[in-house]
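# Notes for the structure review
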Amino acid sequence: MISYLSYKYAVALRKIENRKLMMAIDALVNVKDESLRSFFYNPTISPKKKSDVLAGVFGLDERSKKFFELLFLHKRIHLLKEIKEIVQDISLRENGMERVYVKSATKLDENDKEAIIEAIKKIKDIKPVLVIREDPSLIAGIVINFEDLMIDLSALGALRDLESFISGGM
């Protein structure tokens, strides 16, 4: 679920988006070093100092530096991963593409992926970008999610439907 706040920051970020800024965001989202993580999440270190460090390391312009300073000031740095994903989704949509999340009980081959892409194109006039994850709990089949649509073609989904029908829920 996308938060309204993350969306607002993503729209602002989209207006100033550049390669150096996106590199800095990637670095912060994926930081593994505990001392770096504690520096950026330490409330006693000023937001300006944190954004100055990022600007120095990545060569950020003033607008990019201000973006980080606002995130630090309002303690919203934890939203950065979601903000980044929203920016990517906006960029995809501007190019007629959309992320389509696919859960599969088994590994999909290229023919399976192509069949999913063609089926999605028949439902909506987009270029699907598949995000695939294996989930053995589905038993067999796939579950497809994009926009507000879910298509459950899994054995687990069929069993749930059957259970609901038997218990009088349908």
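A brief report on the enclosed structure follows. (Residues numbered from 1 in each chain as written. Predicted model: local features only at pLDDT ≥ 70, side-chain atom pairs only at ≥ 80, totals over all residues. Heavy atoms only, no water.)

### A short note on the side chain of Lys 65
Note the cut-off: The helix and strand labels rest on DSSP assignments: H or I over at least four residues marks a helix, E over at least two residues marks a strand, and numbering proceeds from the N terminus. Any two residues having at least one pair of non-hydrogen atoms within 4.5 Å are treated as being in contact.
Here Lys 65 is to be found in helix α5 (residues 62–73). Residues within four places of Lys 65 in sequence aside, it is in contact with Lys 48, Ser 51, Asp 52, Ala 55 and Leu 60.

### Here we look at the sheet that holds strand β1 (residues 97–104)
Put simply, the rule is: A pair of strands is considered paired only if DSSP assigns at least 2 bridges between the two. Angles shown run from 0 to 180 degrees and are taken between the N-to-C directions of axes, each axis being a line fitted to C-alpha atoms and, for helices, limited to the stretch in contact.
In spatial order, the strands read β2-β1-β3-β4; together these 4 strands make up an open sheet with mixed pairing. Two strands close off the open sheet at either side, each with one partner strand: β2 (127–134) and β4 (149–152). In this sheet, adjacent strand axes meet at a mean angle of 20° when their direction is disregarded. As paired strands, strand β3 (residues 142–146) and β4 are joined by 4 bridges and run antiparallel to one another. Its bridge partner lying in β4, Val 143 is registered against Asp 152.

### What to know about the packing of aromatic side chains
Selection rule: Each pair of aromatic rings taken from Phe, Tyr and Trp, with Trp reduced to its six-membered ring, is defined by centres within 6.5 Å and is described as stacked if the planes are under 30 degrees apart, edge-to-face if over 60, and tilted in the remaining cases. Only protein chains enter the calculation, and the probe is 1.4 Å; a residue is then buried if its accessible area is under 20% of its type maximum, exposed if over 50%, and partly exposed in between.
Throughout the structure, instances matching the rule amount to 5 aromatic pairs. Here Tyr 9 and Phe 67 contribute two aromatic rings whose centre-to-centre distance is 6.3 Å and whose plane-to-plane angle is 80°, an arrangement assigned as edge-to-face. Residue Tyr 9 is located in helix α1 (residues 4–16), and its partner Phe 67 is located in helix α5; the two are separated by 58 residues in the primary sequence. With respect to burial, Tyr 9 and Phe 67 carry one shared label: buried. A centroid spacing of 5.8 Å and a plane angle of 10° characterise the contact between Phe 40 and Phe 72, whose relative ring orientation is stacked. Residue Phe 40 is found in helix α3 (residues 34–41), and its partner Phe 72 is found in helix α5; the two are separated by 32 residues along the sequence.

### Structural notes on the pattern of salt bridges
Put simply, the rule reads: Between Lys or Arg on one side and Asp or Glu on the other, a salt bridge is scored when a side-chain nitrogen of the former is within 4 Å of a carboxyl oxygen of the latter.
Within the structure shown, the criterion is met by 12 salt bridges. Between Arg 14 and Glu 17 there is a salt bridge; the shortest N-O distance is 2.3 Å. For Arg 14, a relative accessible area of 24% puts it in the partly exposed group. For Glu 17, a relative accessible area of 30% gives the class partly exposed. Linking Arg 93 and Glu 98 is a salt bridge whose minimum nitrogen-to-oxygen distance equals 3.8 Å. A relative accessible area of 47% means that Arg 93 is categorised as partly exposed. For Glu 98, a relative accessible area of 7% corresponds to the buried category. By sharing partners, the salt bridges in this structure join Lys 48, Asp 52, Glu 62 and Lys 65 into a single network.

### Some details on the environment of Leu 138
Summarising the element assignment, Leu 138 is placed in the loop between β2 and β3. Measuring from C-alpha to C-alpha, the distance between Leu 138 and Ala 158 comes to 9.8 Å, with 20 residues separating the pair along the chain. Among residues more than four places away in sequence, those in contact with Leu 138 are Lys 103, Ser 104, Ala 105, Val 143, Ser 154, Ala 155 and Leu 156.

### Quick look at the pairing of β1
Selection criterion: Look down the strands so they point away from you; if going from the first strand over the helix to the second traces a clockwise path, that crossover is right-handed.
Sheet topology note: the β1/β2 ladder contains 8 bridges and is parallel. Following the sheet pairing, Tyr 101 is matched in β2 by Val 131. Handedness of the β-α-β unit built from β1, helix α7 (residues 110–123) and β2 comes out right-handed. Sheet topology note: the β1/β3 ladder contains 4 bridges and is antiparallel.

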